[in-house]
Amino acid sequence: MSEQWSLTVDCARPRELAEFWCLALGYVPAAPPAGFATWEEWQIHCKVPEDEWDDGAFIEDPDGVRPGVSFLKVPEPKVVKNRMHFDLHVGGGRQEPFDVRWPRIQAVVDRLVAAGGAVLRVDEPDGTPDHLTMADPEGNEFDVL
């Protein structure tokens, strides 16, 4: 039996980063926990101080299949390369012809750049683009392939 899990990203602006990753992953803002109509109601119930209400944001797969992602506010900025990152598999796999795969990748990259992401580099083994490494609005690296 596998364990249920989610991923947490430390950041400075949880809500903004959650919006970016909703777009990148096709996720939606997470619904409040069962029994609560809103996140505010849940926070009041859990006695979360009001000045901490914007310290986290949560997103989920709209189909309920893939793991959830939490974004938690931390005081320190990102200072080194990620040790773990997302890979967005949008091109259809390396078995797809380049002229099919690369436009799919580029369309997603263009959308994410418009949303505040940045292209860091294009990996070109053998001189042909294979995938891109990007950064989200807070500098967290991820790959688009």
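To be clear, the structure that these remarks concern was listed above.
Numbering of residues starts from 1 in every chain and runs along the sequence as written. Side-chain atom pairs in this predicted model are given and counted only at pLDDT of 80 or more, local residue features only at pLDDT of at least 70, and totals for whole chains, interfaces and linings cover all residues. The side-chain values count all of the structure's non-hydrogen atoms but skip hydrogen atoms and water molecules.

### Here we look at the overall build of the protein
Logical step 1: Per the convention used, a helix needs a DSSP run of H or I reaching at least four residues, while a strand needs a run of E reaching at least two, with both numbered from the N terminus. When helices and strands are counted, the protein shows 3 helices and 8 strands.
Logical step 2: Listed N to C, the secondary structure of the protein is β-α-β-α-β-β-β-α-β-β-β in terms of helices and strands.
Logical step 3: Whether two residues are in contact is decided by their heavy atoms: any pair within 4.5 Å suffices. The contacts of the protein with a sequence gap of at least 6 include a subset with a gap of at least 24, amounting to 60%.
Logical step 4: His residues and chain termini do not enter the charge count, which takes Lys and Arg as positive and Asp and Glu as negative. Charge positions come from single atoms, namely NZ of Lys, CZ of Arg, CG of Asp or CD of Glu. In the protein, 13 side chains carry a positive charge and 27 a negative one; their mean positions are 4 Å apart.

### Considerations on the pattern of salt bridges
Logical step 1: In the sections that follow, a salt bridge refers to a side-chain nitrogen of Lys or Arg positioned within 4 Å of a carboxyl oxygen of Asp or Glu. Scanning the model with the defined rule gives 7 salt bridges in all.
Logical step 2: Where Arg15 meets Asp54, a salt bridge forms, and the shortest distance between an N and an O atom there is 2.6 Å. Residue Arg15 is located in helix α1 (residues 14-25), and its partner Asp54 is located in the loop between α2 (39-45) and β3 (56-60); the two are separated by 39 residues in the primary sequence.
Logical step 3: Asp130 is the partner of Arg94 in a salt bridge, and the nearest nitrogen-oxygen pair spans 2.6 Å. Residue Arg94 is found in the loop between β5 (87-88) and α3 (98-114), and its partner Asp130 is found in the loop between β6 (118-123) and β7 (131-135); the two are separated by 36 residues along the sequence.

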